[in-house]
Amino acid sequence: AICRDGYCLVCCLAMEPSNARLALNKQTSSSWQSAVTRHFQRAATTYADVSELQQASMHDLLTECRAQGLVLELGAGQGQLASVIAACPEVSTLIALDICEAMLRTAPQQAKLSRVVASALAIPLMDHSVDAIISHFALHWCLAPTAVAAEMHRVIRRDGCVQLAIPLAGSLAPLHGEQGDDALLLPLSEWQQAFTAQTNLASTSSGSVWVCEHDAVKTYTRYFDTASDWLGYLRAMGVTAKPKSQQLQSSQPGLTGRRTLQSLIKRLEQAAEPAGIPFTFKVWHARFRAL
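Residues numbered from 1 in each chain as written. Predicted model: local features only at pLDDT ≥ 70, side-chain atom pairs only at ≥ 80, totals over all residues. Heavy atoms only, no water.

Trainee: Explain the overall build of the chain to me, using residue names and the numbers behind them.
Mentor: For the chain, the count of helices and strands is 11 helices and 10 strands. Buried residues in the chain amount to 52% of all 291 residues. Nonlocal contacts in the chain, meaning residues at least 24 apart in sequence, comprise 74% of its contacts between residues at least 6 apart. For the chain, the computed accessible surface area is about 13100 Å², with 51% contributed by carbon and sulfur atoms. (Helix = DSSP H or I, 4+ residues; strand = E, 2+ residues; numbered from the N terminus. Buried < 20%, exposed > 50% of the residue type's maximum accessible area, 1.4 Å probe, protein only. Contact = heavy atoms within 4.5 Å. Areas by Shrake-Rupley, 256 points an atom, 1.4 Å probe, with all protein chains shown as cover.)

Trainee: Please set out the side chain of R115 residue by residue, giving values where relevant.
Mentor: Mapped onto the elements of the fold, R115 is located in strand β5 (residues 113–117). Of note is the side chain of R115, whose polar atom sits 3.4 Å from the backbone oxygen of A107. (Polar contact = N/O pair within 3.5 Å; in protein donor to acceptor, adjacent residues only side chain to side chain.)

Trainee: Kindly report on the environment of A147, identifying the contributing residues and their values.
Mentor: Note on placement: A147 falls in helix α6 (residues 145–155). Along the primary structure A147 and A122 are separated by 25 residues, whereas in three dimensions their C-alpha atoms are 9.5 Å apart.

Trainee: Give a description of helix α3 (residues 52–64) that names residues and reports values.
Mentor: Compared with an ideal rise of 1.5 Å per residue, which puts 13 residues at 18 Å, α3 spans 19 Å between its outermost C-alpha atoms and is within 8% of the ideal. Those residues of α3 lying buried are L53, Q54, S57, M58, D60, L61 and E64. On an axial view of α3, the arc spanned by its buried residues comes to 160°, and they lie on one face. Where α3 is buried, its residues contact α4 (80–86), β6 (130–136), β7 (156–167), β9 (210–224), α9 (227–237) and β10 (277–290). (Expected span 1.5 Å × (residues − 1). Arc of directions from axis to C-beta.)

Trainee: Break down the pattern of salt bridges for me, citing the residues and quoting the values.
Mentor: Between side chains of opposite charge, a pair can form as their charged atoms come close. Using the criterion set out here, one finds 10 salt bridges in the structure. Of the charged contacts in the structure, one is a salt bridge between D60 and K218, with a shortest N-O distance of 4.0 Å. Here D60, found in helix α3, pairs with K218, found in strand β9; they are 158 residues apart in sequence, far enough to count as distant. A salt bridge links R287 to E213, with the nearest nitrogen and oxygen atoms 3.3 Å apart. Taken together, the residues R287 in strand β10 and E213 in strand β9 connect sequence positions 74 residues apart. For R287, a relative accessible area of 10% translates into the label buried. Of the residues examined, E213 reaches a relative accessible area of 40% and is grouped as partly exposed. Within this structure, D159, E213, R287 and R289 form a network of salt bridges that share partners. (Salt bridge = Lys/Arg side-chain N within 4 Å of Asp/Glu carboxyl O.)

Trainee: Provide a residue-level description of the sheet that holds β6, including the pertinent values.
Mentor: An order of β5-β4-β3-β6-β7-β10-β9 is seen for the seven strands of this open sheet, with the pairing classed as mixed. Strands at the two margins of the open sheet, each flanked by one partner only, are β5 and β9. Averaged over neighbouring strand pairs, the angle between their axes works out to 15° when direction is ignored. Inspection of the sheet shows strand β4 (residues 91–98) paired to β5 by five bridges, in the parallel sense. Looking at the pairing, D98 lines up with V117 of β5. In this fold α6 packs onto β3 (69–74), β6, β7, β9 and β10, with an angle of close to 145° to the strand it touches most, β7. In this fold helix α8 (residues 188–196) packs onto β7, β9 and β10, with an angle of close to 10° to the strand it touches most, β10. (Pairing = 2+ DSSP bridges. Axes fitted to C-alpha atoms, helices over the stretch in contact; angles between N-to-C directions.)

Trainee: Please set out the confidence of the model for the chain residue by residue, giving values where relevant.
Mentor: Averaged over all residues, the pLDDT of the chain is 78; the fraction at 70 or higher stands at 69%. Under a pLDDT of 50 for its full length, residues 1–29 has, in the predicted model, 62 contacts with residues more than four places off or in other chains. Contacts for the low-pLDDT stretch residues 178–183, under 50 throughout, to residues beyond four places or in other chains number nine contacts. (pLDDT = per-residue confidence, 0-100.)

Trainee: Requested: an account of the environment of H128, with residues and values cited.
Mentor: Along the polypeptide, H128 turns up in the loop between β5 and β6. H128 sits in the partly exposed class, given a relative accessible area of 45%. Along the backbone, H128 and G160 are 32 residues apart, and their C-alpha atoms lie at a distance of 9.1 Å. Those residues in contact with H128 that sit more than four places away from it in its chain are H153, R154, V155, I156 and R157.

Trainee: Break down the side chain of H136 for me, citing the residues and quoting the values.
Mentor: Tracing the backbone shows H136 in strand β6. For H136, a relative accessible area of 9% puts it in the buried group. Within the structure, H136 has its side chain in polar contact with the side chain of S57 (distance 3.0 Å). Ignoring sequence-local partners within four residues, the contact set of H136 consists of Q54, S57, M58, L61, L74, G75, L81 and A165.

Here is the structure:
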């Protein structure tokens, strides 16, 4: 059985043999995680219609993916990637994990797909219980890369594969204003350091517990004619978080205040190119093998 802290995935799988399943973990979410959850609950009905940049990134991830056996997806959202991976004959079961139940409820039903509401910082699975982990456009909402890497290493088996696509600092540049790369997303160096540092907290040995097999930063851009269209696209995606420096001070992140909005619109208009106002994600695509 795949169990931890009283949670049993095998029992969850037995609840509804012919349907996708939901299991609520008993972990207490931080105020930041709760805020992110609320934003994606509101975006659950619109996200799929505005996800072409994510779709392009997902296509690149799939060309690099080596998933097989029991696979865990962190931040599965509406299950688009999970459904594709679960359909692979090499995959026996896919556990789609996300902190937002509303997003997971929109995921299509599939025989090999199990849905679990939980945090990537507290995965309710036993140690070394999964063969592979994938995560696409999700881990950038976590503020502790080293802790996330350590939790992934705890649940994955030795030689298991981790496939990641994580938006980086430098994405959505007009949103940040003068705060630059320190505003919303973490820089590449912090994520790379998380996987090169010693993350096996139970071990006294030194050195990395991961081997990097693939590593590249890719850029995905869409252009908008007006600042209003740009902001509407942002809200429909649920990407309305405040700068990182403000995240721990407020449980209600968002685009608020007339002055803040006016300043943002001005930055968007100043960022306009001949093709329009760029909406750009810089995404780190990486594959690691667990030691």
